[in-house]
Amino acid sequence: MVVERVFDVVADVAPVIRSGLPERRAKAASENATGDTQLEADVWADDLLRERLAAVDGVNWYASEERDAVETVGDAADGYAVAVDPLDGSSNVQSNNPCGTVVGVYDEPLPASGRELVAAGFVLYGPTTTMTVARDGGVTEYLLTEEGRTDLRDVVLPEDPLVYGFGGRVPDWTPAFESFVRDVEDDLKLRYGGAMIADVNQVLTYGGVFGYPGLQSRPAGKLRAHFESMPIAYVVEAAGGASSDGTQSLLDLSPSSLHERTPTFVGNDAVIGDLEAALPD
Ligand code: AHG
Ligand code: MN
Ligand code: MN
């Protein structure tokens, strides 16, 4: 099955990406489609993933945040589109903090709605390397080593929220969002590390909320719908949580362009409900 093969490839490539990080901490001279400075590691991980994922029968299109356009890599009329953030939180490589790889599998050509996701997952390069995959309504976490993959657990979001983490500078938050956060910080513990995947995995493990809000200077926020926001929304919702762009599930988004950004929130449904109530429609 194509989805299985996609995550077999990701599991095989992840240890290679991890082992290649130490000598690739420098910034490359280029910029990606959303204007971010590309690290050597971003480009290298992207090339590795494209080469291996393009070879999966049934994968028709490859897209990544490091490439301007979707690339046709198959010829099946009804193939899947794979959207990749090859290295999420790549600025953390220099400071030896966690980073990740994000993969969304859409069964329509891109740009596509979050509802076209049939599977999504991520690799977390932390003290250990884990891969978390949501498909068929469930979420499984695996330990990845050079020897292969070990099934660790079924991931279910804890009932009670414990941690929170929001990106962007506080003075750039909207007043309504800042007031919501002031309430959240009375109850929850701050956990924000600058790599979405690491912060989302804290929420999946301990319960709580992660987000990157729309800012006064950039109302769409920073995270990219196809490569980051919708795939993690798919995972968190499959684990029993909720997602929002401030008004609706992130899976209800239908981005009109490949690199479109969106305000992004994922976590316990009670907290997401409070957030939506706090933000103006
Ligand atoms: P990427 O390295 O793929 O560009 O992603 C970085 C993103 C995301 O991982 C993280 O949540 C966010 O940038 C952090 O942004 P700030 O540095 O503005 O906090
Ligand atoms: Mn990212
Ligand atoms: Mn990235």
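Residues numbered from 1 in each chain as written. Chains lettered and ligands numbered in written order. Predicted model: local features only at pLDDT ≥ 70, side-chain atom pairs only at ≥ 80, totals over all residues. Heavy atoms only, no water.

1. Comments concerning the site of ligand 1
Around ligand 1, a shell composed of 17 residues is seen, among which Asp88, Gly89, Tyr192, Met196 and Tyr212 lie nearest. In this structure, an oxygen atom belonging to ligand 1 sits 2.9 Å away from a side-chain N or O atom of Glu65. One of the backbone N or O atoms of Ser90 is found 3.0 Å from an oxygen atom in ligand 1. In the complex, 82% of the free accessible area of ligand 1, which totals 470 Å², lies under the protein chains. With respect to the pocket detection grid, ligand 1 is positioned in the largest pocket. Of all the secondary-structure elements, those providing two or more residues to the shell around ligand 1 are β5 (80-88) and β13 (208-212). (Near = heavy atom within 4 Å. Polar contact = N/O pair within 3.5 Å; in protein donor to acceptor, adjacent residues only side chain to side chain. Areas by Shrake-Rupley, 256 points an atom, 1.4 Å probe, with all protein chains shown as cover. 1 Å grid on protein atoms, 1.4 Å probe; cavity = no way out; pocket = protein on both sides within 12 Å on 5 of 7 lines; lining within 4 Å. Sits in = over half its atoms within 2 Å of the grid points. Helix = DSSP H or I, 4+ residues; strand = E, 2+ residues; numbered from the N terminus.)

2. Let's talk about the layout of surface pockets
Unfilled space is identified by rolling a water-sized probe across the atoms. If you add up the space inside the largest pocket, you get close to 460 Å³. Forming the walls of the largest pocket are 28 residues, and the residues nearest its centre are Gly89, Ser90, Ser91, Lys222 and Arg224. Contributing elements (two or more residues each) for the lining of the largest pocket: β2 (37-39), β5, α4 (196-206) and β13. Here the residues of the lining of the largest pocket sort into eight nonpolar, nine polar and 11 charged. (Points joined across faces, edges and corners; volume = space filled by probe spheres on them. Nonpolar A, V, L, I, M, F, W, Y, C, P; charged D, E, K, R; others polar.)

3. A few points about the domain arrangement of the chain
Segmentation of the chain into domains returns domain 1 (2-154) and domain 2 (163-278). Taking only C-alpha atoms into account, the centre of domain 1 sits 21 Å from that of domain 2. Taken together, both faces of the contact between domain 1 and domain 2 bury some 2,800 Å²; the carbon and sulfur share is 60%. By the criterion of area lost to domain 2, the three top residues of domain 1 are Thr34, Arg115 and Phe122, representing 19% of everything that side buries. Connecting domain 1 to domain 2 are three salt bridges. We note a salt bridge from Arg224 to Glu65, for which the minimum N-O separation is 3.4 Å. Where domain 1 touches domain 2, the interface holds 18 residue pairs in polar contact (both at pLDDT 80 or more). Put simply, the parts of the chain that give the side of domain 1 that touches domain 2 at least two residues each are β3 (59-64), β5, β6 (99-106), β7 (117-125), β8 (129-135) and β9 (138-145). If you tally residues by element for the side of domain 1 that touches domain 2, the top one is β7, at eight residues. For the side of domain 1 that touches domain 2, the per-class residue count stands at 23 nonpolar, 13 polar and 10 charged. (Domains from an automatic or database assignment. Buried area = accessible area lost by both parts, 1.4 Å probe. Salt bridge = Lys/Arg side-chain N within 4 Å of Asp/Glu carboxyl O.)

4. Here's the deal with the nonpolar core
When a protein is soluble and globular, its nonpolar side chains tend to lie buried together. With 57 residues, the main nonpolar core has Phe166, Phe177 and Leu204 as its most contacted residues. Counting residues per element, this core draws most heavily on helix α5 (residues 225-238), which supplies eight residues. Residues lining this core come from more than one domain, with at least three contributed by each of domain 1 (2-154) and domain 2 (163-278). Once residues within four sequence positions are removed from consideration, Phe166 is found in contact with Trp173, Phe177, Phe180, Val181, Val184, Tyr192, Val209, Phe210, Gly211 and Phe265. Counting residues in hydrophobic clusters, the runner-up holds 37 residues, among them Leu21, Leu53, Val84 and Ala119. (Core = buried A, V, L, I, M, F, W, Y, C linked by side-chain atoms within 4.5 Å. Buried < 20%, exposed > 50% of the residue type's maximum accessible area, 1.4 Å probe, protein only. Contact = heavy atoms within 4.5 Å.)

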